Amino acid sequence: MGRRSLRKIDPELDLSRHYFEWPQCGKPLPLERLLPGSGPLEIEVGSGKGLFLENFSARYPEHRFLGIELARKYARFAAARLVRRGRTNAVVLQGHAMEIFTEGLADAIASAVHLYFPDPWWKKRHHKRRMMNPLFLAQVARVLQPSGTFHFWTDVREYFELGLEAVAERPEFSEPTFPPEETPQHDLDYRTHFERRTRLAGLPVYRAAFTRL
Ligand SMILES: C[S@@+](CC[C@H](N)C(=O)[O-])C[C@H]1O[C@@H](n2cnc3c(N)ncnc32)[C@H](O)[C@@H]1O
């Protein structure tokens, strides 16, 4: 699926409380500065244009949302969306998720990790770049609290099946559950932009959730 170009960010918007870059923001991650408070921490890997962060930070105002996005222009775009909506419980961190998990995040700090429509890296020689790999899953298991949830959704059936197999190799996770498709109540009532685009195209979305044992 190709990507449309992004709308320009209003230069007047102050992103300083919603947009951070790794590792300049501090290593390990100074979470109490980025997301003060003690509400449950939910981490989204690959936030793209930030629809999940926008919707879930409103749905769960007492939770704190950390979006990690590698592409600077998407990270800034998602942060601008949060500024425009006046969210105070969600931020975007620009950087590589694997590095941020490994070097930035303490053990058992997150109540949920969300991975939606990760890049499938179609070519065989690029498969090692996929996020659903043993090293990353070990980090997800480490960072999740007991009973925390790992959500993995994709539109690529082969990647989904490989992902299920990779998680099954890790004793820290439960068997998957398969959340049902929800009926959107309005035009942006989707988990992410990729979910919206996939469903509007009439294509299937594969969804799994795993509990940290
Ligand atoms: C296919 S897009 C999906 C975006 C969003 N999750 C959605 O469903 O609309 C994958 C996103 O993951 C980001 N990404 C890829 N590798 C990453 C990494 N190692 N760390 C953080 N983000 C990454 C990409 O820049 C891209 O924005």
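Here is what the cut-offs are and how they apply
- Residues numbered from 1 in each chain as written.
- Predicted model: local features only at pLDDT ≥ 70, side-chain atom pairs only at ≥ 80, totals over all residues.
- Heavy atoms only, no water.
- Salt bridge = Lys/Arg side-chain N within 4 Å of Asp/Glu carboxyl O.
- Helix = DSSP H or I, 4+ residues; strand = E, 2+ residues; numbered from the N terminus.
- Phe/Tyr/Trp six-rings, centres within 6.5 Å; stacked < 30°, edge-to-face > 60°.
- Buried < 20%, exposed > 50% of the residue type's maximum accessible area, 1.4 Å probe, protein only.
- Near = heavy atom within 4 Å.
- Polar contact = N/O pair within 3.5 Å; in protein donor to acceptor, adjacent residues only side chain to side chain.
- Areas by Shrake-Rupley, 256 points an atom, 1.4 Å probe, with all protein chains shown as cover.
- Nonpolar A, V, L, I, M, F, W, Y, C, P; charged D, E, K, R; others polar.
- 1 Å grid on protein atoms, 1.4 Å probe; cavity = no way out; pocket = protein on both sides within 12 Å on 5 of 7 lines; lining within 4 Å.
- Points joined across faces, edges and corners; volume = space filled by probe spheres on them.

1. A few points about the pattern of salt bridges
Scanning the model with the defined rule gives 13 salt bridges in all. Measuring nitrogen to oxygen at the nearest pair gives 3.8 Å for the salt bridge that ties Glu181 to Arg207. Highlighted residues: Glu181 in the loop between helix 6 (157–168) and helix 7 (193–200) and Arg207 in strand 7 (residues 206–211), separated in sequence by 26 residues. One network of salt bridges, in which partners are shared, links Glu181, Glu195, Arg199 and Arg207.

2. Some thoughts on the packing of aromatic side chains
Scanning the model with the defined rule gives 14 aromatic pairs in all. Seen from their ring centres, Phe117 and Phe194 are 6.2 Å apart, and the 40° between their planes marks the pair as tilted. Taken together, the positions of Phe117 in the loop between strand 5 (110–116) and helix 5 (134–143) and Phe194 in helix 7 put the pair 77 residues apart, joining distant regions of the chain. Accessibility expressed as a relative area gives 9% for Phe117, which makes it buried.

3. Examining the site of the ligand
Surveying the vicinity of the ligand reveals 17 residues, the closest of which are Gly46, Glu69, Tyr116, Thr192 and Phe194. A distance of 3.1 Å is found between a nitrogen atom of the ligand and a backbone nitrogen or oxygen belonging to Leu70. Residue His96 places a side-chain N or O atom 3.4 Å away from a nitrogen atom belonging to the ligand. For the ligand, whose free accessible area comes to 590 Å², the fraction covered by protein is 92%. Elements supplying a minimum of two residues to the shell around the ligand: strand 3 (64–69) and helix 7. For the shell around the ligand, the class distribution of residues is eight nonpolar, six polar and three charged.

4. A word on the layout of surface pockets
Reported here for the largest pocket is a volume of approximately 750 Å³. Lining the largest pocket are 35 residues, and of these Gly46, Glu69, Leu70, Pro118 and Asp119 lie nearest its centre. Among the secondary structure elements, those contributing two or more residues to the lining of the largest pocket are strand 2 (41–45), helix 2 (51–59), strand 3, helix 4 (97–104), strand 5 and helix 7.

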